[in-house]
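Listed below are the residues making up each chain.
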Amino acid sequence: MAPATPFSCSKQIAVAGGHARLVRPPACVLPRLRQRRPTRIFAASGNTATADSKANLRNLTYDLSEASASNGESQTKPIKVAVSGAAGQISNHLLFMLASGQVFGPNAPIILQLLGSERSINAIEGVSMELEDSLYPLLREIKMGIDPIEVFEDADWALLIGAKPRSKGMERADLLDVNGRVFAEQGRALNEVASRDVKVVVVGNPCNTNALIAMENAPDLPPKNFSALTRLDQNRARFQLAVKAGVPFDKVSRVAVWGNHSTTQVPDWVNARIGDTPASKVIDDEAWFKEDFTPKVATRGASVIQKWGRSSGASTAGSIADHVRSLIQPTPEGDCFSMAISTDGNPYGIADGLFYSMPCTSTGNGDYDIVPGFEVDEWLSSKMKASEEELIREKECVAHLIGLEGAACAITEDTMLPGEN
Ligand SMILES: NC(=O)C1=CN([C@@H]2O[C@H](COP(=O)(O)OP(=O)(O)OC[C@H]3O[C@@H](n4cnc5c(N)ncnc54)[C@H](OP(=O)(O)O)[C@@H]3O)[C@@H](O)[C@H]2O)C=CC1
Ligand SMILES: O=C([O-])CC(=O)C(=O)O
């Protein structure tokens, strides 16, 4: 157990005769109350570690080793999962899924490393209290802080969710710049302190280009370890196909989503299957695929906001869980999953140097392969090209954040996130 310091707090939960007992060291109580003064405790720091930087990090440790041993569980090394935007609504679903074992499985103890800001650190403390009160046996430790250098230390996974939403009057180029700076800083921090095999999943929008920025700022980490979330789009597409065909969604497979997580995305009905049959044979209605299915999936985020008054939180969290599970479990034979990945050397002729969503498989070791040989007909090809061009324009707008010179931002016609209308 870590020694208590004025700025850290450890807790131990012992189990005797089947009853959990919280052993709270006396030193823990006062510092915890003191920590409610954010200006003192969670002072902003730069992107390099300082001698007293640990003082900015709050640490809760739950040592359940006695309990685990008495239950005959093996002492598995906990998985360290860093989450940014930890006070946001997606995280408010995801953190509980992570702590409960729904993502990494029922035998994987977990350490949560939560990144917030001065704006959100109180809220993150609140979330951590709820996590404590949920009594998750797999949850071993919660770290919270506002400096990515501290929070990302030794992370095995980094789920980068936090990003500024576009506000009224803000151009997409501004959004790319503001969020790009955040992801550049976080990429540098991961490069410096995360596990050398950290898997980085970028969710915060515009997620494809943010993933590119994070990766380019982390030259010591394998580019293949970076991906961006398009699994929500895949799930949305799968649901629409199942409903139209009148089958349970588990009969719908090989659903690729190509391109950008934006309204130019291409949910692929050409290669999708329903049972063992091409979806286009089961649903013999090309006009529906082109004029209804495709825009419905691409603007589903906006429809949710229109009805619900806020953007997709629970379904996004579920799709992040699906994304992670797809990398740590073997892909079922004949199926694929979609995520945005580096295009370097891809078999579909997409320009190198982008993050573009494609069909992938995994053997379950955290790595992936792009599935070759998907049919790309003329219609699919022209839609895929449009999304590629959008990503090239986005990249030009963030050239200054990825060490490129000479490019200029030429986004004139505003491209849209799925949640915008
Ligand atoms: N790829 C995908 O499929 C999807 C992506 N998204 C994207 O995920 C991101 C998070 O969504 P959600 O959790 O709903 O958002 P919330 O608004 O609930 O939370 C966003 C978090 O981002 C952080 N943030 C970082 N920088 C800023 C800033 N400059 N201004 C305000 N907040 C900031 C805030 O945390 P803090 O103060 O701690 O920094 C905040 O808690 C968004 O970018 C959204 O567009 C959403 C749905 C699907
Ligand atoms: O546009 C947004 O912020 C929400 C989003 O990505 C989605 O719902 O797919």
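The structure this text deals with has already been given above.
Residues numbered from 1 in each chain as written. Chains lettered and ligands numbered in written order. Predicted model: local features only at pLDDT ≥ 70, side-chain atom pairs only at ≥ 80, totals over all residues. Heavy atoms only, no water.

Participant: Can you explain the site of ligand 1? Please cite residues and give values.
Facilitator: Around ligand 1 sit 22 residues in total, of which Q89, S117, R119, S120 and N205 are the nearest. Here an oxygen atom of ligand 1 sits 2.9 Å away from a polar atom, N or O, in the main chain of Q89. For ligand 1, an oxygen atom lies 2.8 Å from a polar atom in the side chain of N205. Compared with its free state, where it exposes 910 Å², ligand 1 has 80% of that area covered by protein. Along the lines of polarity and charge, the residues of the shell around ligand 1 split into eight nonpolar, twelve polar and two charged. (Near = heavy atom within 4 Å. Polar contact = N/O pair within 3.5 Å; in protein donor to acceptor, adjacent residues only side chain to side chain. Areas by Shrake-Rupley, 256 points an atom, 1.4 Å probe, with all protein chains shown as cover. Nonpolar A, V, L, I, M, F, W, Y, C, P; charged D, E, K, R; others polar.)

Participant: Report on the packing of helix α4 (residues 89–100) against helix α5 (residues 121–133), specifying residues and quantitative values.
Facilitator: With their axes 11 Å apart at the nearest point, α4 and α5 run at an angle of 35° to one another. Where α4 crosses over α5, the two elements pack in a sense that is right-handed. Taken together, the residues of α5 that come into contact with α4 (itself represented by N92, L95, F96 and A99) are V127, E130 and L131. Taken together, the residues of the contact of α4 with α5 sort by class into five nonpolar, one polar and one charged. (Axes fitted to C-alpha atoms, helices over the stretch in contact; angles between N-to-C directions. Helix = DSSP H or I, 4+ residues; strand = E, 2+ residues; numbered from the N terminus. Left-handed = near helix turned anticlockwise from the far one by under 90°. Contact = heavy atoms within 4.5 Å.)

Participant: Any chance you could break down the sheet that holds strand β14 (residues 277–278) for me, citing the residues and the numbers?
Facilitator: Spatially, the three strands line up as an open sheet ordered β10-β13-β14, and their pairing is antiparallel. Strands with a single pairing partner mark the edges of an open sheet, and in this sheet they are β10 (252–253) and β14. (Pairing = 2+ DSSP bridges.)

Participant: Give a description of the pattern of salt bridges that names residues and reports values.
Facilitator: One pass over the full model with this rule turns up eight salt bridges. Note that D197 is salt-bridged to K199, the shortest N-O span being 3.0 Å. The partly exposed category is assigned to D197, whose relative accessible area is 44%. Taking the relative accessible area as the measure of exposure, K199 reaches 9% and is therefore buried. Between K224 and D367 there is a salt bridge, and its shortest N-O distance comes to 3.0 Å. On the criterion of sequence distance, the pair formed by K224 in the loop between α8 (207–216) and β9 (226–228) and D367 in the loop between β16 (355–361) and β17 (369–370) is long-range, its members being 143 residues apart. Looking at K224, the relative accessible area reads 36%, which means it is partly exposed. (Salt bridge = Lys/Arg side-chain N within 4 Å of Asp/Glu carboxyl O. Buried < 20%, exposed > 50% of the residue type's maximum accessible area, 1.4 Å probe, protein only.)

Participant: Describe in detail the site of ligand 2, supporting the description with residues and values.
Facilitator: Within the structure, ligand 2 sits among N205, L232, R236, H261, G301, S312, L417, P418 and G419. The separation between an oxygen atom of ligand 2 and a polar side-chain atom of R236 is 2.9 Å. A distance of 2.7 Å separates an oxygen atom of ligand 2 from a polar side-chain atom of H261. A total of 270 Å² of accessible area belongs to ligand 2 in isolation, and the protein chains cover 83% of it. A breakdown of the residues in the shell around ligand 2 according to their chemical character gives three nonpolar, five polar and one charged.

Participant: Report on unusual backbone geometry, specifying residues and quantitative values.
Facilitator: Cis geometry is found at the peptide bond from N205 to P206, where omega equals -5°. Of note, P206 is situated in the loop between β8 (199–202) and α8. Within the chain, L135 stands out as a residue other than glycine whose phi angle is a positive 55°. Along the chain, L135 turns up in the loop between α5 and β6 (139–145).

Participant: With reference to specific residues and values, describe the side chain of S262.
Facilitator: Checked against the element boundaries, S262 lands in the loop between β11 (257–258) and β12 (266–267). In this structure the side chain of S262 is engaged in a polar contact, spanning 3.0 Å, whose partner is the side chain of T264. Aside from chain neighbours lying at most four places away, what touches S262 is A298, E390, M416, L417 and P418.

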